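# Chain and residue survey
Here is how the chains run, residue by residue.
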Amino acid sequence: MAPGAGGPSSGAGGAVLRDMVSRELAVLVLAAGKGTRLGGGDDLPPKALLDCLGVPLLEHVRRALEPLGAAHTVVVTGHRAEEVERWLARAWPEARTVRQVPQNGTGHAARLALEALPTFEGDVLVVYGDVPQLRTDDLRALLDAHRASEAAASLLTGVTPEPGLLGRIVRTPQGAFERIAEARDATPAELSIQEFNTGLYVFGAAHLRHGLQGLGSGNVLGEEYLTDAVGAIAATGARVEAVIAPEAGALLGVNDWADLASAVAILRARICTEHMRRGVRVTDPATTVIEVDVEIAPGARILPFTHIGTGCRIAVGARVGPFARLRGGTVLGPGVEIGNFVEVKGSTLGAGAKAKHLAYLGDADVGPRANIGCGVVTANYDGHEKHRTTIGADASIGSGTILVAPVDVGAGARTGANAVVLPKKGVPPGTTVVGVPARALPPKADSGQDAAVTKEQPGEST
Ligand code: UD1
Ligand code: CA
């Protein structure tokens, strides 16, 4: 702060604040790493694109960074770069990409990224791309602290009894930041340090350029470490602020499946809490998974062991679960009830429709007040393509019915238990069909439909 400044409201403080606001920001996101500790496997996407509650890891990072309104964003790709760049072009078009080949460490990655901004003179925020639980507020706190202290570099640290493979923060006897000792290269004394590097840093651009020059790779991994650049800046006598974050345990990178599970658990709890604060009745957040970008009206109820995919919309008065699975993009109208062991995918259910037990609704449009009996299946896949099913208002689909798509069931129509409605045949409005393949019941003048079903289906157990 300027000498003699009395605080943010005084004249000099105001100037500092203006400077803080006007200083340009560049963001470097390092996402070239291989994710070696994930163990590999044919179906594994590059680490940056690992699914995390319905969107890639990197999308969470993008969302945390977006409100900062950085003038420049550079994402470093490397391992399976084409796939990551394809995603970036679509989902993060403002980001410039820089390829790092070979991936010779975080310091090397940061150096290449900064070379893409040769004349930039503002603040450079460096973020690792494997921290999905990152919050905008954490980054703002770091930026504000950095700008207020006028440090050359600032980093966020945390304290935990067992920092494992994380870099340790080495301080001088006076408590000033000295350097970061990577766990793999650390002495036993350094390993016993409980303060660790979260991997979130802000640098003055010139200081970072300087720090990244001449990084060695004489360490266990034979890589250039960004952490060494921080130490190099401190060694010049410039000020480096290591700011301890209260909940830094929630800022750790995803290196293996246990880390991903911890990150997902943190995000999951946050998402459930947000919905509950808005009036959604989530009975047991510990067993409820609500992915990102789900809309749930206040007053709707989500019962335990329920999984709700990204893009689902759930209207007022709806009740989902326990043990229900709504896959991406499902839309439930007001008062809809989805009960236990019901899977719904790519479907829309109108107001008051119900599917309360053991059913699969895939690619279906279900009209208002329709009742889907126990064990109903929409057979939407013929082995090659997916097809849609429509079920009209007030229809009643009997237990165990299979609707083989594409098929339309008209308004007010009924199917008997275990009916199999063949593709394209459909059920006209108001009619009742039974059997395999399902056929219409002849209208009976003197008795109710239930009696007729028994007569038509002598073999059916009662
Ligand atoms: C890093 C830090 C460590 C810190 C920890 C916090 C270094 C040397 N160590 O360790 O001090 O405690 O994060 O989570 O920085 N990457 C590249 N190019 C590369 C290598 C990595 O872009 O050549 C990217 C990765 O994709 C990843 C990030 O940089 O997103 C961090 O790399 P990672 O190997 O996960 O570093 P850590 O061992 O976790
Ligand atoms: Ca990491």
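Scroll up a little and you will see the structure.
As the structure is a prediction and not an experimental result, all values here were calculated from the model. (Residues numbered from 1 in each chain as written. Chains lettered and ligands numbered in written order. Predicted model: local features only at pLDDT ≥ 70, side-chain atom pairs only at ≥ 80, totals over all residues. Heavy atoms only, no water.)

## Let's talk about the coordination of the calcium ion (ligand 2)
Surrounding the calcium ion (ligand 2) are the protein donor atoms D130 (OD) and N255 (OD1), at 2.4 to 2.5 Å. Of the two residues, D130 sits in the loop between β6 (123–128) and α5 (136–149) while N255 sits in the loop between β11 (240–244) and α9 (257–277), which places them 125 residues apart along the sequence. In terms of burial, D130 and N255 fall into one category: buried. (Donors = N, O, S within 2.8 Å, 3.2 Å for Na, K, Ca; no water. Helix = DSSP H or I, 4+ residues; strand = E, 2+ residues; numbered from the N terminus. Buried < 20%, exposed > 50% of the residue type's maximum accessible area, 1.4 Å probe, protein only.)

## Side note on the environment of G412
By the element assignment, G412 lies in the loop between β30 (407–409) and β31 (414–415). According to the relative accessible area criterion, G412 is partly exposed, its value standing at 31%. For the pair G412 and A393, spaced 19 residues apart in the sequence, the C-alpha separation amounts to 6.1 Å. Sequence-distant contacts of G412, defined by excluding residues within four places in its chain, comprise A393, D394, A395 and G430. (Contact = heavy atoms within 4.5 Å.)

## Here we look at the pairing of strand β8 (residues 168–171)
When β8 meets strand β9 (residues 177–181), the two strands line up antiparallel, connected through four bridges. Along β9, the bridge assignment pairs R171 with F177. (Pairing = 2+ DSSP bridges.)

## A look at the site of ligand 1
Ligand 1 sits among 24 residues. The nearest are Q100, G105, Y128, E182 and N197. Note that an oxygen atom of ligand 1 is positioned 2.6 Å from one of the side-chain N or O atoms of Y128. Here an oxygen atom of ligand 1 sits 3.3 Å away from a polar atom, N or O, in the side chain of D130. For ligand 1, whose free accessible area comes to 750 Å², the fraction covered by protein is 91%. In a pocket analysis with a 2 Å cut-off to the grid points, ligand 1 is assigned to the largest pocket. For the shell around ligand 1, the secondary structure elements donating two or more residues are α4 (106–115) and β10 (195–204). Taken together, the residues that form the shell around ligand 1 break down as seven nonpolar, 13 polar and four charged. (Near = heavy atom within 4 Å. Polar contact = N/O pair within 3.5 Å; in protein donor to acceptor, adjacent residues only side chain to side chain. Areas by Shrake-Rupley, 256 points an atom, 1.4 Å probe, with all protein chains shown as cover. 1 Å grid on protein atoms, 1.4 Å probe; cavity = no way out; pocket = protein on both sides within 12 Å on 5 of 7 lines; lining within 4 Å. Sits in = over half its atoms within 2 Å of the grid points. Nonpolar A, V, L, I, M, F, W, Y, C, P; charged D, E, K, R; others polar.)

## Quick word on the environment of G175
As for its position among the elements, G175 is in the loop between β8 and β9. Judged by relative accessible area, G175 falls into the partly exposed class, the value being 33%. Between the C-alpha atoms of G175 and R325, which are 150 residues apart in sequence, the distance is 52 Å.

## Focus on the side chain of S347
Along the chain, S347 falls in the loop between β21 (337–345) and β22 (348–349). Ignoring any residue separated from it by four or fewer positions in sequence, one finds S347 in contact with G329, T330, V331, L361, G362, D363, A364 and R388.

## Examining the sheet that holds strand β24 (residues 364–366)
Overall, parallel pairing links the seven strands, which are arranged β14-β17-β20-β22-β24-β27-β30 in an open sheet. Looking at strand neighbours, the two that pair on one side only are β14 (295–296) and β30, the edges of this open sheet. Strand direction decides the pairing type here: strand β27 (residues 389–391) and β30, joined by three bridges, are parallel. From the neighbouring strand, I391 faces β30, where its bridge partner is V409.

## Focus on unusual backbone geometry
Each neighbour pair has its own omega, and for G321 with P322 the value is 0°, a cis peptide bond. For P322, the location among the structural elements is in the loop between β18 (319–320) and β19 (324–326). Of note in this structure, D293 is not a glycine but carries a positive phi near 60°. Although it is not a glycine, F323 sits at a positive phi angle of roughly 60°. Within the element layout of this structure, F323 appears in the loop between β18 and β19. Exposure remark for F323: the relative accessible area of 36% places this residue in the partly exposed category.

## Digging into the layout of surface pockets
Approximately 1,200 Å³ is the volume attributed to the largest pocket. In terms of lining, the largest pocket is formed by 41 residues, of which the most central are R37, K47, T106, D130 and N255. If you list the elements that add at least two residues to the lining of the largest pocket, you get α4 and β10. Here the residues of the lining of the largest pocket are counted per class, giving 14 nonpolar, 17 polar and 10 charged. In this structure, the second largest pocket spans a volume of roughly 410 Å³. Considering the residues around the second largest pocket, the lining is formed by 15 residues, among which R63, L267, I271, E274 and V292 are closest to the centre. Of all the secondary-structure elements, those providing two or more residues to the lining of the second largest pocket are α2 (57–65) and α9. Take the lining of the second largest pocket: its biggest share by element is five residues, from α9. (Points joined across faces, edges and corners; volume = space filled by probe spheres on them.)

## Thoughts on the nonpolar core
In a soluble, globular protein the nonpolar side chains are often hidden away together inside. Counting residues in each nonpolar core, the largest one holds 68 residues, and the members touching the most others are L58, L65, L125 and L226. A per-element tally of this core places strand β1 (residues 25–30) first, with six residues. Excluding anything up to four places from it in sequence, L125 contacts L25, A26, V27, L28, L65, L68, L139, L142, Y201 and V202. Counting 55 residues, the second largest nonpolar core, distinct from the first, contains V55, C272, V280 and A300. (Core = buried A, V, L, I, M, F, W, Y, C linked by side-chain atoms within 4.5 Å.)

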